[in-house]
Amino acid sequence: MWNLIRKDFLTISRDRSEVLILLVMPMVLIAILGFALGSIMFGTVDMDPIPVALIIENDLEQDLDHFREDLIAEGLPEQAIEQMIASAGTIDPAASLETVLHSPELSDMIDLKENYDQEQAEAALATDEVLAVITIPEQFSYQTLLAFYLAEETDASIELFVQDHEQIQATIVEGILTSFSDQYNLELSMAFATEGEGVETSISEENFGVINHFSSGKPVSAFQYYTIGMAVMFALYVASTVSSNAFKEKESHVFARLMMTGARPLNYLLSKVVSAVVLTLIQLTILFVTSTLFFQTFTDTGIEFWASLAIISFVFSLVIGGFAAFMTAIAIQFNNDAISGFFSGGAVVIFAFLGGSLSPVEYFSPLMRELGNWTPNGAMMTAYLQLIQGFNLTEFLPMLYRVLLMAVLFITLAVAIFPKRRLM
Amino acid sequence: MLQVNDLHKKFKTTTAVNGVNLYLDQGESVGLLGPNGAGKSTTISMISTLLQPTSGDIRFKGGDVFKKPDVIRPVLGVVPQEIALYEELTAYENMHFFGKTYGLSGEKLKNKIDEVLELVGLTDRKKERVKNYSGGMKRRINIAVSLMHEPELLIMDEPTVGIDPQSRSHILEMVRELNRKKGMSILYTSHYMEEVERLCDRVYIMDHGQIIASGTKEELKSILSSEDTILIEVHQKSEQFIDQLNEHSLVQQIAEVDTGYKVIVSKGADVFADIFEIANASQVKVKGVHVQTPTLEDVFLHLTGRKLRD
Ligand SMILES: Nc1ncnc2c1ncn2[C@@H]1O[C@H](COP(=O)(O)OP(=O)(O)O)[C@@H](O)[C@H]1O
Ligand SMILES: [Mg+2]
């Protein structure tokens, strides 16, 4: 088996045009697209104001009353209570957030809409009418005060929901909210710090105004995007390279010669799966590492990132292996290599387009996007991008399962099609 | 050792093999002679278990090769008619690869490669890729690969097609040594009768999917005992000359050769005077007329009315 794979590796690596297609072309394209489109991804282009819905369910007066009752129950002196309430009353999260969002610096970036309730806002988000929904939930002030003063555990948080496919806008809103919540936390601490003794010690280290990630993550740079895009696209060529190499073996009668040695047909087919897997892994490793060395694509990442990258890449290589076997089986059974030619000559580009290798799927209709996620490369691209955005493995596991299923399907078909008795 | 009984192979439109019987004993060197399209390669594919016959059976050491292909495969070496090699790999790598598929490894494999390279005379070119080889060198490596596992039976399908005379005589010499010194049994297929005459003890002559004659070289040539072969060398050829010769009652077969015509006539017939007369009448200048000892080529000509080549 290893002998068969070593031979595939040698024959393919010595074919200059194959090396060109599998390694040089994607690298050149990563460089070109990365440099050319870098600015677009980083959002320095002109942008319309981002429609954002702000929903305020928090009622400061009510929360202060509620808080007062708790303090009385704690048995604090009345004067201290009133002082505390007074200073707490000066910090209204809703008002300050509104002020920030209406500020002249932000007014041409944010188009604030305040006449929605939660349900309407979510509907608006789904139809892209707004791109983000910020909610200050009920009892937010109360929960915050509890935590700060009584050091109780709370889950007080300002919620942010963003449209995941509008990366740049989502990132902007997120940034604004983060800096707001930092400021709010600071103000709150200061207000209590001046309160005098006992208070400092009860200030918790917790942060408030935590952003609820709906489906957004870190932004993806142009180099990251196109490194992934080109990698998944050109990995598809591994499948057609392996299958047309197999057909060459058949045509030049080495396949017959091999069968005469007593080699098992299914072993041969399996060796094509493994060859394609190994070649894909080598190709992806070279592309990722080279891209990182030249363009710092994945520099600020840890071992965990690379481990997840390896897992995704391995699953991806399995489907490439399955597809290579599938095309090999067809080419050998029907004694015709049209399939490899059809695949590498046209289908790859269609797959690459659907999968988002050529232009981000953000510009696609939801149907097209869904279709893209059913191509092996598109599904894997989604997984890779989610990884880059900081999601963890469990969140793109469904994509991995989907692709594994495809791999199994292709291998099953290949075994069914491949001739087991006719050997020449 | 090998027995082929009433072998048939029908393809969609042609019957390539139509009732072939042959046998081969241990240590024999047997020739299978026939023109292109006779069905030689198809027969060999069936013997080497790559192709299922339509009917008939093939026995190796008494057992059916299709029921137990693993009996014949490890001890059979087949040199295919085509150059079945990895052109991108070097000669050494090709031999290494196929050696491994036969289960050789380590020192044993290395030594075997060296030994076979020496045998085919390519030791000093082993690091070159096959695609850069000349036709003759490719043929030699094509053979070398089949010798990696020291087969008991070596089947060679036209191993000398399209190569230089030097490579050709090297190959013939090598095959003879394998047979004589190592006792390897050989089934040698060719449409060059000189090769078969030189190498083989027994010969099968095949045409249109059938064995039309078989026996030792002497037996086959005795088919011609009642005929003489006459070579007529001429300065320029002429259709009229052939037509008139054909009409002569003692002439049986005529075939064109490079320098003139080959004519098979009844034994002892005195046709020389007639030949010159016909030549004169059709204005053909005769350079010479020779009576020849028959070759296998002449046997084929006699049996089919055609020459082996073309
Ligand atoms: N796979 C095939 N399908 C159809 N016809 C074939 C096939 N292989 C050989 N033939 C036909 O069978 C005949 C015998 O071919 P072959 O065995 O190659 O002859 P030889 O080796 O004596 O030149 C030819 O007419 C050839 O066209
Ligand atoms: Mg042939």
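A quick note: this is a predicted structure, and the numbers were derived from the prediction, not measured. (Residues numbered from 1 in each chain as written. Chains lettered and ligands numbered in written order. Predicted model: local features only at pLDDT ≥ 70, side-chain atom pairs only at ≥ 80, totals over all residues. Heavy atoms only, no water.)

Enquirer: Can you walk me through the overall build of chain A in this structure?
Expert: Scanning chain A for helices and strands turns up 18 helices and four strands. Counting the 424 residues in chain A, one finds 52% classified as buried. Within chain A, counting contacts between residues at least 6 apart in sequence, those at least 24 apart form 81% of the total. Approximately 19,400 Å² of chain A is accessible, and the part contributed by carbon and sulfur atoms is 61%. (Helix = DSSP H or I, 4+ residues; strand = E, 2+ residues; numbered from the N terminus. Buried < 20%, exposed > 50% of the residue type's maximum accessible area, 1.4 Å probe, protein only. Contact = heavy atoms within 4.5 Å. Areas by Shrake-Rupley, 256 points an atom, 1.4 Å probe, with all protein chains shown as cover.)

Enquirer: Honestly, a nonpolar patch on the surface in this entry has me stumped. Any pointers?
Expert: Where nonpolar side chains cluster on the molecular surface, the patch consists of Leu20, Val24, Val28 and Ile32 of chain A and spans about 330 Å² of accessible area. For Val24 of chain A, the position within the fold is in helix 2 (residues 16-42). (Patch = residues over 30% accessible without salt bridge, like charges linked within 9 Å, V, L, I, M, F, W, Y side chains within 5 Å. Salt bridge = Lys/Arg side-chain N within 4 Å of Asp/Glu carboxyl O.)

Enquirer: Mind showing me how you'd approach the packing of helix 13 (residues 265-295) of chain A against helix 14 (residues 303-333) of chain A here?
Expert: Angle between the axes and distance between the axes are the two parameters that describe a pair of packed helices. All names here are of chain A. Between helix 13 and helix 14, whose axes approach to 7 Å, the crossing angle comes to 140°. When the axes of helix 13 and helix 14 are compared, the pair comes out oblique. As helix 13 packs across helix 14, the resulting crossing turns out to be right-handed. (Axes fitted to C-alpha atoms, helices over the stretch in contact; angles between N-to-C directions. Parallel < 35°, antiparallel > 145°, perpendicular 65-115°, else oblique. Left-handed = near helix turned anticlockwise from the far one by under 90°.)

Enquirer: When you look at the sheet that holds strand 1 (residues 50-56) of chain A in this model, what are you seeing that I'm missing?
Expert: Note: strands within a sheet are paired through backbone hydrogen bonds, in either parallel or antiparallel orientation. All names here are of chain A. If you trace the four strands from one edge of the open sheet to the other, you get 2-1-3-4, paired in mixed fashion. Every interior strand has two partners, whereas the edge strands, strand 2 (110-113) and strand 4 (159-162), have only one. Each adjacent strand pair in this sheet contributes to an overall mean axis angle of 20°, direction not counted. Here strand 1 pairs with strand 2 via four bridges, running parallel. (Pairing = 2+ DSSP bridges.)

Enquirer: So what exactly am I meant to see when it comes to the interface of chain A and chain B here?
Expert: Quoted interface sizes are often the accessible area lost when the parts come together. Taken together, the contact between chain A and chain B spans 22 residues of the former and 29 residues of the latter. It is Arg14, Arg257 and Met260 of chain A in chain A that bury the most area against chain B; as a group they hold 32% of the surface buried on that side. With its nearest N and O atoms 2.6 Å apart, the salt bridge here joins Glu93 of chain B to Arg14 of chain A. Put simply, chain A and chain B have eight residue pairs in polar contact (both at pLDDT 80 or more) between them. Of all the secondary-structure elements, those providing two or more residues to the side of chain A that touches chain B are helix 1 (2-13) and helix 12 (254-260) of chain A. Its residues placed into classes, the side of chain A that touches chain B shows nine nonpolar, six polar and seven charged. (Buried area = accessible area lost by both parts, 1.4 Å probe. Polar contact = N/O pair within 3.5 Å; in protein donor to acceptor, adjacent residues only side chain to side chain. Nonpolar A, V, L, I, M, F, W, Y, C, P; charged D, E, K, R; others polar.)

Enquirer: I'm lost on the coordination of the magnesium ion (ligand 2) in this one. Help?
Expert: In a perfect tetrahedron of four donors around a metal, the angles come out at 109.5 degrees. In a perfect octahedron of six, they are 90 or 180 degrees. Residues and elements named next belong to chain B. All of the protein donors around the magnesium ion (ligand 2) are Ser41 (OG) and Gln81 (OE1); their distances to the metal are 2.0 to 2.2 Å. Taken together, the positions of Ser41 in helix 1 (residues 40-47) and Gln81 in the loop between strand 6 (76-79) and helix 3 (91-101) put the pair 40 residues apart, joining distant regions of the chain. By relative accessible area, Gln81 is classed as partly exposed at 26%. (Donors = N, O, S within 2.8 Å, 3.2 Å for Na, K, Ca; no water.)

Enquirer: Looking at this structure, how should I read helix 10 (residues 272-281) of chain B?
Expert: An α-helical turn contains 3.6 residues, so any two residues separated by three or four positions project in the same direction. All names here are of chain B. Of the positions making up helix 10, those classed as buried are Ile275, Ile278 and Ala279. End-on view of helix 10: buried residues confined to an arc of 100°, all on one side of the axis. Set apart from the buried face of helix 10 by more than 90 degrees, the exposed residues are Ala273, Glu277, Asn280 and Ala281. Looking at the buried residues of helix 10, the elements they touch are strand 11 (227-234), helix 9 (239-247) and strand 14 (286-292). Of the residues trailing helix 10, Gln283 is marked for its positive phi of about 55°. (Arc of directions from axis to C-beta.)

Enquirer: Hey, could you run me through helix 4 (residues 106-120) of chain B in this one?
Expert: All names here are of chain B. In this model, helix 4 (15 residues) spans 22 Å end to end at C-alpha, consistent with the 21 Å of a helix rising 1.5 Å per residue. Taken as a whole, helix 4 has its buried residues at Leu109, Lys112, Ile113, Val116, Leu117 and Val120. Buried residues of helix 4, seen end-on, are gathered within an arc of 130° and therefore sit on one face of the element. Opposite its buried face, helix 4 presents the exposed residues Glu107, Lys108 and Glu118, each directed more than 90 degrees away. Packing partners of the buried residues in helix 4 comprise helix 3, helix 5 (135-147) and helix 6 (165-182). Positive backbone phi, at 75°, marks Gly121, one or two positions downstream of helix 4. (Expected span 1.5 Å × (residues − 1).)

Enquirer: Quick question: what am I supposed to make of the packing of helix 14 of chain A against helix 18 (residues 393-417) of chain A here?
Expert: Residues and elements named next belong to chain A. Running from N to C, helix 14 and helix 18 point in directions that differ by 20°, and their axes come no closer than 8 Å. For the element pair helix 14 / helix 18, the angle class is roughly parallel. With respect to the hand of their crossing, helix 14 and helix 18 are arranged in left-handed fashion. In terms of residue class, the contact of helix 14 with helix 18 is made up of 22 nonpolar, three polar and no charged.

Enquirer: What is the right way to read the site of ligand 1 from this model?
Expert: All names here are of chain B. Around ligand 1, the neighbouring residues are Phe11, Thr14, Ala16, Pro35, Asn36, Gly37, Ala38, Gly39, Lys40, Ser41 and Thr42. Within the contact set of ligand 1, an oxygen atom lies 2.7 Å away from a backbone nitrogen or oxygen of Gly37. Lys40 places a main-chain nitrogen or oxygen 2.8 Å from an oxygen atom of ligand 1. Protein coverage of the free-state accessible area of ligand 1, which is 560 Å², stands at 59%. When residues in the shell around ligand 1 are grouped by element, the largest group, three residues, is from helix 1. For the shell around ligand 1, the class distribution of residues is four nonpolar, six polar and one charged. (Near = heavy atom within 4 Å.)

Enquirer: Even after reading the chapter, I still don't get the pairing of strand 2 (residues 15-24) of chain B, so can you show me in this structure?
Expert: A regular strand carries its side chains on alternate faces of the sheet. Residue and element names in this part refer to chain B. Where strand 1 (residues 2-10) and strand 2 come together, seven bridges link them in antiparallel fashion. Bridge assignment links Gln3 to a residue of strand 2, and that residue is Tyr23. Hairpin connection from strand 1 to strand 2: four residues lie between these consecutive antiparallel strands.

Enquirer: Which parts of the structure should I look at to understand the pairing of strand 10 (residues 210-216) of chain B?
Expert: All names here are of chain B. Of the pairings in the sheet, the one linking strand 9 (residues 202-207) to strand 10 comprises six bridges and is antiparallel in character. Note on strand 10: the bridge partner recorded for Ile205 is Ala213. What sits between strand 9 and strand 10 in their antiparallel hairpin is a turn of two residues, with His208 showing a positive phi close to 50°.

Enquirer: I keep staring at the confidence of the model for chain B and nothing clicks. Help me out?
Expert: Close reading of the predicted structure is inappropriate where its pLDDT is low. Residue and element names in this part refer to chain B. Residue-level pLDDT values for chain B average 88, and 98% of them are 70 or greater. Looking at the elements of chain B, mean pLDDT is at its lowest for helix 11 (residues 296-304), recorded as 76, and at its highest for strand 7 (residues 153-157), recorded as 95. Confidence metrics for the complex model read pTM 0.70 and ipTM 0.79. (pLDDT = per-residue confidence, 0-100.)

Enquirer: In this structure, what is going on with unusual backbone geometry? I would like to understand it.
Expert: In terms of backbone geometry, most residues other than glycine have negative phi values and most peptide bonds are trans. All names here are of chain A. Positioned with a positive phi, His253 is a non-glycine residue whose angle comes to about 70°. Within the secondary structure, His253 sits in the loop between helix 11 (222-251) and helix 12. On the basis of relative accessibility, which here comes to 26%, the residue His253 falls in the partly exposed class.

Enquirer: Looking at this model, I keep getting lost on the sheet that holds strand 5 (residues 63-64) of chain B. Mind explaining?
Expert: All names here are of chain B. Here we have four strands laid out as an open sheet, ordered 2-1-4-5, and antiparallel in their pairing. In this open sheet, the two strands that pair with only one neighbour each are strand 2 and strand 5. Of the strands in this sheet, strand 1, strand 2 and strand 4 (55-60) touch helix 1, which is tilted by about 120° from strand 1.

Enquirer: Is there a simple way to think about the environment of Asp8 of chain A in this case?
Expert: Residue and element names in this part refer to chain A. Tracing the sequence through the fold places Asp8 in helix 1. Those residues in contact with Asp8, other than ones at most four positions away along the chain, are Asn245, Glu249, Ser271, Lys272 and Ser275. Among the polar contacts listed, one links the side chain of Asp8 to the side chain of Lys7, at a separation of 2.9 Å.

Enquirer: I tried to follow the packing of aromatic side chains on my own but got confused; where do I start?
Expert: Residue and element names in this part refer to chain A. Per the stated rule, a full pass over the model turns up 21 aromatic pairs over all chains. Ring centres 4.8 Å apart and planes at 70° place the aromatic pair Phe323 and Phe410 in the edge-to-face group. Taken together, the residues Phe323 in helix 14 and Phe410 in helix 18 connect sequence positions 87 residues apart. Note on Phe410: relative accessible area 15%, which makes it buried. Where Phe343 meets Phe351, the ring centres are 6.1 Å apart and the plane angle is 90°; that geometry is what we call edge-to-face. For Phe343, a relative accessible area of 3% translates into the label buried. The rings of Phe288, Phe298, Phe305, Trp306 and Tyr384 are connected pair by pair, giving a single aromatic cluster. (Phe/Tyr/Trp six-rings, centres within 6.5 Å; stacked < 30°, edge-to-face > 60°.)

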